[in-house]
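Next come the chains, spelled out residue by residue.
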Amino acid sequence: MFTRRQAAGLLLAASIMPRAAMANAGFDAWRADFRARAAATGLPADVLRALDDARFLPKVVASDQAPAETSRSLGDYIASAASPQRIKAGQVVMARYPTLLGRIEQEYGVAREVIVAIWGMESSFGAVRGSAPVLSTLASLAFEGRRRALFENELLAALQILAAGDTTPGRMTGSYAGAMGHTQFMPTSYLRYAVDFNRDGRRDIWADDPTDALASTAAFLRAKGWQYGQPWAYEVQLPKGFDLARTGRVYTQRLRDWAQLGVTHASGEKLSGAETGALILPAGPTGPVFMIFDNFHVLKSYNYADSYAIGVGHLSDRLAGGAPIRARFPGEPWGMTTAERQELQKRLNALGFKAGRPDGVIGEMGRAAIRSYESARGVPVTGVPSRDLLVALR
């Protein structure tokens, strides 16, 4: 005789098992098709056999639908990125590897603080490199289908890494996004940019020794255009009444010209120099304002989220002895609730103006969508989210 709880459990299992069996059957069919296409590229049979152990991982798909960069507020994200604990840990590893970091900095022209900041953000300085089997992770994301072409390409690259002999299927572990090693390289990025800095014959970003991983990160940033000695951004202050239409990545001008408009460093110090920068308002005009430079965009090539670039950049500043961000992050960016910002994004998307995933984070993509909408309506182009704009969209 079953108890009520046992009976309920059996009913739940009975309802789940057919769905799981259907998912597995679909996955098996997709895997067989992918394997045939991978074989046509010339991959050897022993490498293709590694796909036999790939399994569908539902948790991977769930994680992909809620990335950390947008699943919490920017203020919380930055506080975590440059927490006292992470800063202290970064200082410890910089003291542990001064010679290695110096060699990498000299070879690739990327400041050691930036390399260490990425290391800290991606894997807590190697402590959390991810234990998910990369072939299963990428196969799950490819089968799920929202970005099938992307993840099939990554899976093919992972097989090519195995064919090159840099690692084995058992050692090829990583995050639920398919990123690998100390600094979380995706397989395609690995193929293009990973280096054998310790010259042992393998580009080994999975080893406890972080040498190849850190050098590969520096090689990636240099290839993307990193400029040694240039800041990624400054925190600045806007004067009262500043025209917010002048903000955003699309509006660049020299620092001396920004200074003439009343923009200053966050400390109040006057801006100077011939460098060209742009103003971004990642949390709206009442939050921190940053003057960004070309290196900001290089950081975004590592992870496209503005929050990630700001997190890495600020952590690198703190590791170099810089000050905390002065301005506070508002509870309601742009003076709108999360639900209102999400609705704004949804309505812009519905009209064909690409505002991005409706997550309530209105960054540069959202502001570009607003500019396009305003231009199409024949109204002043500002790119500024607001409740008035939301009312006009309803």
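Note that the structure is a prediction, hence the values are computed from the model and not measured.

Concerning the overall build of the chain
Part 1: A tally of regular secondary structure across the chain gives 18 helices and seven strands.
Part 2: What you see for the chain is a C-alpha radius of gyration of 24 Å, in line with the 21 Å of a compact globule of 394 residues.
Part 3: In terms of overall dimensions, the chain has C-alpha extents of about 70 × 55 × 45 Å along its principal axes.
Part 4: The chain carries 46 positive and 37 negative side-chain charges, and their two centres are separated by 4 Å.

Looking at the pattern of salt bridges
Here the idea is simple: oppositely charged side chains can pair when their charged atoms come close.
Part 1: Inspection of every chain in the model, using the stated rule, returns 18 salt bridges.
Part 2: The salt bridge partner of Asp33 is Arg37, with a shortest N-O separation of 2.9 Å. With Asp33 and Arg37 both in helix H1 (residues 4-39) and four residues apart, this pair spans about one turn of that helix.
Part 3: Asp33 gets classed as partly exposed once you look at its relative accessible area, which sits at 42%.
Part 4: On the accessibility criterion, Arg37 (36% relative accessible area) is partly exposed.
Part 5: For Asp359, the salt bridge identified is with Arg357, shortest N-O distance 3.9 Å.
Part 6: Residues joined in a network through salt bridges with shared partners are Asp33, Arg37 and Glu152.

Thoughts on the sheet that holds strand E3 (residues 233-237)
Part 1: One open sheet holds the five strands; their spatial order is E4-E6-E7-E3-E5, and the pairing between them is antiparallel. Each of the sheet's edge strands pairs with one partner strand only, and the pair in question is strand E4 (252-254) and strand E5 (264-265).
Part 2: Pairing analysis gives three bridges linking E4 to strand E6 (residues 276-280), with the strands arranged antiparallel. Counted as the bridge partner of Thr252 is Ala278 from E6.

Thoughts on the packing of aromatic side chains
Part 1: Counted under the stated rule, the structure contains 20 aromatic pairs.
Part 2: Between the aromatic rings of Phe220 and Tyr302, the centroid separation amounts to 5.1 Å while the plane-to-plane angle is 80°, which identifies the pairing as edge-to-face. Of this pair, Phe220 sits in helix H12 (residues 211-223) while Tyr302 is found in helix H14 (residues 294-302), placing the two residues 82 residues apart along the sequence. For the residue pair Phe220 and Tyr302, the accessibility class agrees, reading buried in each case.
Part 3: Considering the side-chain rings of Tyr251 and Trp258, the 5.8 Å spacing of their centres and the 55° angle between planes classify their relative orientation as tilted.
Part 4: Joined through ring pairs, the aromatic side chains of Phe27, Trp30, Phe34, Phe56 and Phe143 make up one cluster.
Part 5: Here the basic side chain of Lys300 rests over the ring of Tyr304, its NZ or CZ set 3.7 Å away from the ring centre.

Side note on helix H6 (residues 84-96)
Part 1: Between its first and last C-alpha, H6 extends 18 Å over 13 residues, near the 18 Å set by a 1.5 Å rise per residue.
Part 2: Within H6 the residues assigned to the buried category are Arg86, Ile87, Gly90, Val93 and Met94. Viewed end-on, H6 has its buried residues packed into an arc of 130°, placing them on one side of the element. Residues Pro84, Gln85, Lys88, Ala95 and Arg96 are exposed on H6 and point more than 90 degrees away from its buried face.
Part 3: Buried residues belonging to H6 abut helix H5 (74-81), helix H7 (98-108), helix H8 (112-123) and helix H15 (306-319).

Examining the environment of Val61
Part 1: Residue position: Val61 is located in helix H3 (residues 58-64).
Part 2: Spatially, the C-alpha atoms of Val61 and Gly145 are 10.0 Å apart, while their sequence positions differ by 84 residues.

Notes on unusual backbone geometry
Part 1: In this structure, Gln184 takes a positive phi of about 55° despite not being glycine.
Part 2: With respect to the element layout, Gln184 can be found in the loop between strand E2 (173-174) and helix H11 (187-193).

Details of the side chain of Glu122
Part 1: Note on placement: Glu122 falls in helix H8.
Part 2: It is Arg86 that comes nearest to the buried, bridge-free Glu122 among opposite-charge side chains, at 9.1 Å.
Part 3: Leaving out residues up to four positions away in the same chain, Glu122 has contacts with Val128, His182, Thr183, Gln184, Tyr302 and Tyr308.

Structural notes on the nonpolar core
Part 1: Counting 84 residues, the largest nonpolar core has Ile104, Tyr108, Leu159, Met172 and Leu221 as the members making the most contacts within it.
Part 2: The contact partners of Leu159, leaving out residues within four places of it in the chain, are Phe34, Ala38, Leu43, Val47, Leu48, Leu51 and Leu135.
Part 3: By size, the runner-up hydrophobic cluster in this structure holds 27 residues, among which are Leu244, Trp258, Leu279 and Val289.

Cut-offs and rules
Residues numbered from 1 in each chain as written. Predicted model: local features only at pLDDT ≥ 70, side-chain atom pairs only at ≥ 80, totals over all residues. Heavy atoms only, no water. Helix = DSSP H or I, 4+ residues; strand = E, 2+ residues; numbered from the N terminus. Rg over C-alpha atoms; globule rule 2.2 N^0.38 Å. Lys, Arg positive; Asp, Glu negative; His and termini not counted. Charge placed at Lys NZ, Arg CZ, Asp CG, Glu CD. Salt bridge = Lys/Arg side-chain N within 4 Å of Asp/Glu carboxyl O. Buried < 20%, exposed > 50% of the residue type's maximum accessible area, 1.4 Å probe, protein only. Pairing = 2+ DSSP bridges. Phe/Tyr/Trp six-rings, centres within 6.5 Å; stacked < 30°, edge-to-face > 60°. Lys NZ or Arg CZ within 6 Å of the ring centre and 35° of its normal. Expected span 1.5 Å × (residues − 1). Arc of directions from axis to C-beta. Contact = heavy atoms within 4.5 Å. Core = buried A, V, L, I, M, F, W, Y, C linked by side-chain atoms within 4.5 Å.

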